[in-house]
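Chain by chain, the residues:
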Amino acid sequence: MSHAQWQLVGFSLRMALLSLVVVLPPGLAVAWWLAKFNGRGKTILETLVTLPLVLPPVVTGLVLLELFGRHGPIGGWLHRTLGMDVVFTWRAVVLALASMSLPLLVRAARTAFEEVDAKYEQLARTLGAGEWRVFFTITLPLARRGILAGILLAFARSLGEFGATIMVAGNIPGQTTTLPLAIYQAVQADDDGLAWTLAGVSAVIAFAAVLASERLSRRRS
Amino acid sequence: MNHDLLTATFRKQFPGGPAIAVDQLRLGSGITVLFGASGSGKTTVLRCLAGLERPEAGRIQAGGETWFDGATNLFLPARRRRVGFVPQDYALFPHLSVARNVGYGLHELTTGERSRQVAETLEWLGLTGLEDRLPRALSGGQQQRVALARAVVGRPQLLLLDEPFAALDTPTRLRLRGELRHWLRHTGIPTLLVTHDRFEALALGDEVVILHEGRNVQQGPVPAVFSQPFNLAVAEITAVETVQRGRLLEVRDGLATIAVGNARLTALARDLPADASEVHVCIRAEDVILTGADAVQSSARNHLSASVQTITRAGPLALVQVDCGFPLMALLTQVACDEMGLHPGHPLVAIVKAPKIHLIPADNAKDRD
């Protein structure tokens, strides 16, 4: 593989990792809330979080484009206050990947949180622990395997993301082009050799991530 | 025993569960046993005291603090009650070592002070050397001690133990009973211990609170409550072997004469209302003596001609049911049983001292419903 191709792989991995960092705090918070509480609006939140999983990715991309465009409600605010543009930059890639992997992460983490027996959390409270301490010293460590499995799955999903990315980040070589976009471009340009090379790289990374995720899930049960 | 540590009156009901209605439960120093059949709500009472469940109404006060007051909507959460809690399966944190389990509640101390206190408690409970083990690498008895260590290390003002032997096999249970009592005595922390096992209650408790269908129906020193149940329900829960309905014939000089079946019994006439006519006669099997049919005079008031009906052997003991005008249970050693050559149909005399017969006025029995 050429230097440019390695760079492309590196960029894709970086974007996927960054999207994980972005999606992890809100994803865990939502998963925890869904697992532990039975409040009003639970079903609504559940549905909203799951939507990107079932909507055509292009539609998710379209919504993001609308929200984060320079004239959109969020994008406009970012542009005015921070002078930051999102759409058609690497930030949009991260945003698209994060949105698409959120459902997978939330679902896995929620199950993991639900499997933590409440008796441990209750006992920690009788020992004087507040809710933050209970979460970070009991709930999170006991749910770690399931969460890690979810993270790996979300990571693998991010690497393959196409539809939302192309809508909101475009396909700008060296700036927003990720592995799947490059493969599509290579096929369009009749460069089957390049397409297959990149496809092979994608497959190897995805295989490793899913394998690790499966191992983690299995060791848990 | 002073009863100033904790007073609790509260109601709690889970959908589909029994209604818990605790009335004037009072705890003091020493070990109090919360005794009742399974499903009587013992665990719920414990969880309400620990602050893990919020009662619907009532008031719980402990050590000068109010833990719960339904009237002012006050509820002190578990983490602020300073209660040591040992649940039935111990709930040791599976991902933390023994030392970190025990030290979990001490996070506000400096690292040095914390490890000093943990080491001290582990040594006291004979757990030194197990600091780095994970709970799953411990025996049942060790797990119980780690759970106890974790509960007492912070010097709580109250210790709550839910069926501390439920997770152990019978031999271990018997071996650890004496140890647990020793440790609980030694901590000096007032303790409420849940059990449904009579022998556990007798071995561990100073006082016993009988819980029946969510209500605390009787409280007092363990032997007193077990030999003098307040009503039929308590007699049943504490497993008094012989409970028979009888008619009060006469009360004279503090002694009562009762007709039970075809027999007449003499008992102490304590706590009998003046107008009592129907009573329940309670006799513990271990208070019955069996002798040969040609028994000579003895000081005991009740000599009843009887014949053996059934013999149920259990370990070193045998439970013998005789017919003496009514079915009466007697607890004998197997040795005695064999020496007397007891067999069904065997004629003999059953002897019961008057003070060992406890009478429950039939009116008290209404409390059952």
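Residues numbered from 1 in each chain as written. Chains lettered and ligands numbered in written order. Predicted model: local features only at pLDDT ≥ 70, side-chain atom pairs only at ≥ 80, totals over all residues.

1. Remarks on the overall build of chain B
The test is simple: The way it works is that DSSP assigns letters per residue, a run of H or I at least four long becomes a helix, a run of E at least two long becomes a strand, and they are numbered from the N terminus. Our exposure labels follow a C-beta count within 10 Å of each residue's own C-beta, placed from the backbone: buried means 20 or more other C-beta atoms, exposed means 12 or fewer, and partly exposed covers the counts in between.
Looking only at helices and strands, chain B features 9 helices and 21 strands. Expressed as a percentage of the 369 residues in chain B, the buried residues total 42%.

2. What about the overall build of chain A?
Rule in force here: Working definition of a contact: two residues with C-beta atoms, positioned from the backbone, lying within 7 Å.
Helix and strand content of chain A: 10 helices and 0 strands. Counting only C-alpha atoms, chain A reaches 65 × 45 × 30 Å along its principal axes. Within the span of chain A, comprising 221 residues, buried residues form 41% of the whole. Put simply, of all contacts in chain A between residues at least 6 apart along the chain, 73% involve residues at least 24 apart.

3. Overview of the environment of Gln188 of chain A
Tracing the sequence through the fold places Gln188 of chain A in helix H9 (residues 179-188). The sequence separation of Gln188 of chain A and Ala164 of chain A amounts to 24 residues, and the corresponding C-alpha distance is 19 Å.

4. Overview of helix H6 (residues 118-126) of chain A
For H6 of chain A, the set of buried residues is Tyr120, Gln122, Leu123, Ala124, Arg125 and Thr126 of chain A. Residues of H6 of chain A that are buried make contact with helix H7 (131-159) of chain A together with helix H1 (42-50) and strand S7 (83-86) of chain B. Gly128 of chain A occupies a position one or two residues after H6 of chain A and carries a positive phi of about 95 degrees.

5. What to know about the pairing of strand S3 (residues 31-35) of chain B
Residues and elements named next belong to chain B. To keep it simple, the criterion reads: At least two bridges found by DSSP between two strands is the condition for calling them paired.
Counting buried positions over the 5 residues of S3 gives 5, a clear majority of the element. Of the two faces of S3, the one holding Ile31, Val33 and Phe35 and the one holding Thr32 and Leu34 are both buried throughout. With 5 bridges joining them, S3 and strand S9 (residues 191-195) adopt parallel strand pairing. Residue pairing in the sheet places Thr32 in a bridge with Leu192 of S9. Summarising the sheet, S3 and strand S10 (residues 207-212) pair through 4 bridges and their orientation is parallel. The residue bridging Thr32 from the neighbouring strand is Glu207, located in S10.

6. Brief notes about the domain arrangement of chain B
Residues and elements named next belong to chain B. Heads up, the condition is: Residue ranges for the domains originate in an automatic or database domain assignment.
For chain B, the assigned domains are domain 1 (6-235) and domain 2 (240-368). If you look at the interface, domain 1 gives 9 residues, while domain 2 gives 11 residues. Of the residues forming the side of domain 1 that touches domain 2, the biggest block, 3 residues, is contributed by helix H8 (residues 232-237).

7. Looking at the pairing of S7 of chain B
Residue and element names in this part refer to chain B. Burial of S7 is two-sided: the residues Val83 and Phe85 facing one way and the residues Gly84 and Val86 facing the other way are all buried. By the bridge criterion, 4 bridges tie S7 to strand S8 (residues 158-162) in an arrangement that is parallel. For Phe85, the partnering residue across the bridge sits in S8 and is Leu160.

8. Regarding the packing of helix H3 (residues 57-68) of chain A against helix H5 (residues 90-115) of chain A
All names here are of chain A. What counts, and what does not: Note on method: axes are straight lines fitted to C-alpha atoms, helices fitted across the in-contact stretch only, with angles between N-to-C directions ranging 0 to 180 degrees. Throughout, the term roughly parallel applies to angles under 35 degrees, roughly antiparallel to angles over 145, roughly perpendicular to angles from 65 to 115, and oblique to all others. The sense of a crossing depends on the near helix, which, turned anticlockwise from the far helix by less than a right angle, makes the crossing left-handed and, turned clockwise, makes it right-handed.
Running from amino to carboxyl end, H3 crosses H5 at an angle of 130 degrees, the nearest separation of the two axes being 11 Å. Between H3 and H5, the interaxial angle falls into the category oblique. For the crossing formed where H3 meets H5, the hand is right-handed. Taking contact as the criterion, the partners of Pro57, Thr60, Gly61, Leu64 and Phe68 in H3 are, on H5, Ala92, Leu95, Ala96, Ser99 and Met100.

9. As for the interface of chain A and chain B
Basically, it comes down to this: For this classification, the nonpolar set comprises Ala, Val, Leu, Ile, Met, Phe, Trp, Tyr, Cys and Pro, the charged set comprises Asp, Glu, Lys and Arg, and every other residue, Gly included, is treated as polar.
In this assembly, 14 residues from chain A lie in contact with 13 residues from chain B. Only H6 and H7 of chain A provide two or more residues apiece to the side of chain A that touches chain B. A total of 7 residues in the side of chain A that touches chain B trace back to one element, the largest contributor, which is H6 of chain A. Classifying every residue of the side of chain A that touches chain B by side-chain character gives 8 nonpolar, 4 polar and 2 charged.

10. Focus: the sheet that holds strand S14 (residues 263-268) of chain B
Residue and element names in this part refer to chain B. Strands sit in the order S14-S13-S12-S15-S21 across an open sheet of 5 strands; the sheet is antiparallel. Lying at the two open borders of the sheet, with one neighbouring strand each, are S14 and strand S21 (357-361). Taking each pair of neighbouring strands and ignoring which way they run, the sheet shows an average axis angle of 40 degrees. Here strand S12 (residues 242-252) pairs with strand S15 (residues 278-283) via 6 bridges, running antiparallel. Bridging across to S15, Gln244 finds its partner in Val281.

11. What to know about unusual backbone geometry
Positive phi, close to 60 degrees, is recorded for Phe88 of chain A, a residue that is not glycine. Of note, Phe88 of chain A is situated in the loop between helix H4 (73-82) and H5. Located in the positive-phi region is Tyr90 of chain B, a residue other than glycine, with phi close to 75 degrees. In this structure, Tyr90 of chain B sits in the loop between S7 and helix H2 (98-103).

12. Focus on the environment of Arg100 of chain B
All names here are of chain B. Structurally, Arg100 is set in helix H2. We classify Arg100 as partly exposed; it has 17 C-beta atoms within 10 Å. Separated by 18 residues in the primary sequence, Arg100 and Val118 have C-alpha atoms spaced 8.6 Å apart.

13. Examining the sheet that holds strand S17 (residues 302-314) of chain B
To summarise the sheet geometry, strands pair through backbone hydrogen bonds and adopt either a parallel or an antiparallel arrangement. All names here are of chain B. With antiparallel pairing, 5 strands are arranged side by side in an open sheet as S16-S20-S17-S18-S19. Whereas interior strands pair on both sides, the edge strands pair on one side only; in this sheet they are strand S16 (289-292) and strand S19 (327-333). Here the average twist between neighbouring strands, direction ignored, is 45 degrees. Of the pairings in the sheet, the one linking S17 to strand S20 (residues 347-352) comprises 6 bridges and is antiparallel in character. If you follow Ala306 over to S20, its bridge partner there is Leu348.

14. Let's talk about H4 of chain A
Among the 10 residues that make up H4 of chain A, 1 are buried, leaving the element largely open to the surroundings. Immediately beyond the C-terminal end of H4 of chain A, within one or two residues, lies Gly83 of chain A, with a positive phi of roughly 65 degrees.

15. Some points on the environment of Ile311 of chain B
Residues and elements named next belong to chain B. By secondary structure assignment, the location of Ile311 is in strand S17. Through-space distance from the C-alpha of Ile311 to that of Ala330 is 9.6 Å; in sequence the pair is 19 residues apart. With sequence-adjacent residues up to four places away left out, Ile311 is seen in contact with Ala318, Val320, Cys337 and Leu342.

16. Here's the deal with the nonpolar core
All names here are of chain B. Operational definition: The term nonpolar core refers to a group of buried residues, namely Ala, Val, Leu, Ile, Met, Phe, Trp, Tyr and Cys, whose C-beta atoms join them within 7 Å.
Residues Leu160, Leu328 and Ala350 are the most contacted members of the largest nonpolar core, which totals 111 residues. It is helix H4 (residues 140-152) that provides the largest number of residues to this core, a total of 6 residues. Residues lining this core come from more than one domain, with at least three contributed by each of domain 1 (6-235) and domain 2 (240-368). Residues in contact with Ala350, not counting those within four places in the same chain, are Val288, Leu290, Leu304, Ala306, Val322, Cys324, Leu328 and Ala330.

17. A short note on the confidence of the model for chain B
The condition that has to hold: Confidence scores labelled pLDDT are given residue by residue by the predictor and lie between 0 and 100.
In the predicted model, chain B carries a mean pLDDT of 90, and 97% of its residues have values of at least 70. For this predicted complex, the interface score ipTM comes out at 0.83, alongside a pTM of 0.83.

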